[in-house]
Amino acid sequence: MELRVRNVSRKSRRVKEIYLASFPKKERMPFWSMRLMAKMTATRFWEFSDGDTVCGFAYLGMAEGISFLMFLAVDPSLRSRGYGGRILEEIRRRCSPDKILVSIERCAEGADNLSQRRRRREFYLRNGYEPTGFCIELSGVEQEILIRGGVFDPDEFAAFFKAYSNGTMHPRIWREEADQQSNREAFP
């Protein structure tokens, strides 16, 4: 398996299909907007192929020494074949020496897709990501923040969003333990 990486383009129809199949509507950005943002220097939108087969994609924002993996998906028919881990390794190689962050749905008891959330979390942990003890709310969804490379700093992550979005994004970031005690410590 030799992954080929290229920028997503207008011709990347399969990437759009994988995207729509992999993320709930309320968590998605418009695909046209993602392609437009990828023209900026702070955004990477990569398609990963094995030969002629598109196996997945990654969408990242990069600023302030942080690479934030916003979307990653492998074609549903190709999952559990090692593509996800290979994609993460390629992201690590291309984003070094940045801290790489990802946010995933929290493994909250009673969640409809709890087993899927646990598998996703285990996937990232197996691939070198570590829990930060912090959460973030994006698109109205509370998510756990994981990191690869370095120590998580909520102020740095807030600065990332400010720089990446030209000051338009200010997601709530809080320490997980404080949430469990109903005493949320929020960061700007």
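Residues numbered from 1 in each chain as written. Predicted model: local features only at pLDDT ≥ 70, side-chain atom pairs only at ≥ 80, totals over all residues. Heavy atoms only, no water.

### Focus on the packing of aromatic side chains
- Per the stated rule, a full pass over the model turns up 20 aromatic pairs.
- On the numbers, 5.5 Å between centres and 10° between planes, the contact of F160 with Y164 is stacked. Taken as a pair, F160 and Y164 lie in helix α5 (residues 154–164) at a separation of four residues, close to a single helical turn.
- Under the relative-accessibility criterion, F160 is labelled buried at 0%. (Phe/Tyr/Trp six-rings, centres within 6.5 Å; stacked < 30°, edge-to-face > 60°. Helix = DSSP H or I, 4+ residues; strand = E, 2+ residues; numbered from the N terminus. Buried < 20%, exposed > 50% of the residue type's maximum accessible area, 1.4 Å probe, protein only.)

### A closer look at the pattern of salt bridges
- The full count for this structure, using the stated rule, is 15 salt bridges.
- Linking R92 and E89 is a salt bridge whose minimum nitrogen-to-oxygen distance equals 2.4 Å. Residue R92 and its partner E89 are both found in helix α3 (residues 83–95); the two are separated by three residues, about one turn of the helix.
- Assessed through its relative accessible area of 34%, E89 is described here as partly exposed. (Salt bridge = Lys/Arg side-chain N within 4 Å of Asp/Glu carboxyl O.)

### Considering the pairing of strand β5 (residues 99–105)
- With seven of seven residues buried, β5 is to be regarded as a mostly interior element.
- Inspection of the sheet shows strand β4 (residues 66–74) paired to β5 by four bridges, in the parallel sense. Counted as the bridge partner of S67 is I100 from β5.
- Of the crossover connections in this fold, the one passing from β4 over α3 to the parallel β5 is right-handed.
- As paired strands, β5 and strand β7 (residues 141–148) are joined by six bridges and run antiparallel to one another. Paired with I104 across the strands is E144, a residue of β7. (Pairing = 2+ DSSP bridges. Right-handed = clockwise from strand over helix to strand, strands pointing away.)

### A closer look at the nonpolar core
- Membership of the largest hydrophobic core comes to 30 residues, with the highest contact counts inside it found for F57 and F157.
- Examining the composition of this core, we find that five residues originate from one element, α5, more than from any other.
- Residues within four places of F157 in sequence aside, it is in contact with I66, F68, L101, I136, I145, F152 and I173.
- Among the nonpolar cores identified, the runner-up in size contains 24 residues, and V5, M62, L78 and Y124 belong to it. (Core = buried A, V, L, I, M, F, W, Y, C linked by side-chain atoms within 4.5 Å. Contact = heavy atoms within 4.5 Å.)

### What to know about the environment of E109
- Within the element layout of this structure, E109 appears in the loop between β5 and α4 (114–126).
- According to the relative accessible area criterion, E109 is exposed, its value standing at 64%.
- Note: C-alpha distance between E109 and E17 (92 residues apart in sequence) is 30 Å.
- Setting aside its immediate chain neighbours within four residues, E109 contacts L114 and R118.
- Among the polar contacts made by the side chain of E109, one reaches the side chain of R118 at a distance of 2.7 Å. (Polar contact = N/O pair within 3.5 Å; in protein donor to acceptor, adjacent residues only side chain to side chain.)

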